[in-house]
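Close look at the chain arrangement
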Amino acid sequence: MFRLSPMLTAALLGVLLALTLPPLPTGILTPVVLAALLMFAAAAPTPWGVAGRIFVAQTVATCIHLSWLMVFLGHIFGQPLLGGLGLALYALEGAFYALMAYLVARLIPSGRGRVWGLAGGWVLLEALRFLGPFAFPWPTLGYSLIDTPMIQIADLGGVLLCSVLVTFTAAALVSFWQGRAAPLWLAVVCWLAALSYGITRTPAAGTEGRALLQRTAVDAFAKANQALDAQQQFAIYSALTQQNRQAGEVPIWTETAIQDANLLPSAPAGGIYGIHRWQAGPRNQAIAWTGQAETGQNDKARPVPFGEYFPLRQALDPAWRVIEQGVGMSLESTAAATNLQPLPLNGVQYGTYICYDSVFPWVARQLTREGANVLVNISNDGWYAGWGVQQHFLMGRVRAIENRRWVLRSVNEGVAAAIDDLGRPQQTLAAGQGVIHARFRVLQGQTVFDRLGDWPALLLAAGMVGVGLGRRRA
């Protein structure tokens, strides 16, 4: 009888896991596929075997989920072959999960205990992937619930709480397969509670705000290599505003819409603008402009790795210099924000963050805690390709749920949208060049997530690891 080798089986499970992640509408199956993966990995005879199976599965899953990344890297470096750097990132992601799996397997000898340790460790690792110079939280499992009412529990513990629901259910399914029904009954209760919570959420009331969102179709690479100069680009955004702005609307321009700070005085009064400046190095900023002065500014909190931030730039200077010569451009890291504050304009606090910041829940949370009435994501999605655009948009919707704020997206080559505080897109523009006359709600208050952050999810994840340790002799 034909049998797949352990590594081929792990690879197949990685493929199946990737096919349950956004933007595919199959997220409800994530716990089932994850259950199969956890049970298969935990059954390996040695800790290295557990780690190896998780490494292969997660590397393959990441390769599929982030397949667009190789195109991005090839474009940004101007050399298609350098897109192969994406393979190193896929392997690095797999290695992080393999390390977690190895530690769990060393601590917990029994297969049944390992399943629970891996389930909790998975979420704890996801939390760590929001932090540090190599932070890259893209394939977080909790986003698989985006098309279900259960995603609404994100206002209680963030997207990581959704990950806990997924991994706990996966471990409970394995326990049921092994003859213990109690964990699965508890998982069913949790799903019913999350479903009830989700379907009973209603939009919050607040005064109406007005904004003019833009979707442009500027070639991101032409902008980067200056084939499109700053004045030409400014004219595109300015014309869209002048031709479409209605009374009371705050124009919101996309990331680095203003490439030359000297053009700022010509920008329409009373707007929020993405601007590129050079102040002791490159800076990617969002500013509020009254027509006479700036009322606030934020730097980008998380510059894009390998696009705006070059890891170990000083330590690996000779290697980076070789790459600079190959691509013919300076690779100097963009300054990251040291402080984030809402941008005040006409009595409204606009919690404005830039592009990649959208996938880091702590950015929008910090702005909300500082008093933001509405969240604003200005972005240049022209770097992405394929699934990357939709994934970025879907993850950004969860920021609305976590903080119970409207999210306004003004983008280049992405999905411009007004998203309500339940994470539902109310107005979208996903193709062509145009505007959205957004009507949103100015909201106040804080959610449980705003107050406690990821702690509820982390404690539950640690509890699953504790269950695994309790079964180490089973």
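Further up the page is the structure itself.
Everything in this summary refers to the structure shown in the same document.

**Thoughts on the overall build of the chain**
Helix and strand counts for the chain come out as 15 helices and 12 strands. When burial is assessed residue by residue, the chain has 57% of its 474 residues classed as buried.

**Some points on the nonpolar core**
Counting residues in hydrophobic clusters, the biggest one holds 124 residues, and the most contacted among them are Leu118, Trp122, Trp138, Ile252, Tyr350 and Leu408. Ranked by the residues each element gives to this core, the list is headed by helix 7 (residues 154-177), at 13 residues. Beyond its immediate sequence surroundings of up to four residues, Trp138 is in contact with His65, Leu66, Trp68, Arg129, Tyr143, Tyr356, Val359, Tyr384, Gly388, Gln391, His392 and Met395. By size, the runner-up hydrophobic cluster in this structure holds 13 residues, among which are Phe234, Trp253, Ala257 and Ile258.

**What about unusual backbone geometry?**
Omega for the bond connecting Pro22 with Pro23 falls within 30 degrees of zero, at 10°, which places this linkage in the cis form. Inspection of the secondary structure assignment puts Pro23 in the loop between helix 1 (6-18) and helix 2 (30-42). One non-glycine residue, Thr256, lies in positive phi territory at about 50°. Mapped onto the elements, Thr256 comes out in the loop between strand 2 (250-252) and strand 3 (271-278). We classify Thr256 as buried; its relative accessible area is 9%. If you check the backbone angles, Glu413 has positive phi at about 60° while not being a glycine. Inspection of the secondary structure assignment puts Glu413 in the loop between strand 9 (407-412) and strand 10 (416-419). Here Glu413 falls in the partly exposed class, since its relative accessible area comes to 29%.

About the cut-offs
- Residues numbered from 1 in each chain as written.
- Predicted model: local features only at pLDDT ≥ 70, side-chain atom pairs only at ≥ 80, totals over all residues.
- Heavy atoms only, no water.
- Helix = DSSP H or I, 4+ residues; strand = E, 2+ residues; numbered from the N terminus.
- Buried < 20%, exposed > 50% of the residue type's maximum accessible area, 1.4 Å probe, protein only.
- Core = buried A, V, L, I, M, F, W, Y, C linked by side-chain atoms within 4.5 Å.
- Contact = heavy atoms within 4.5 Å.

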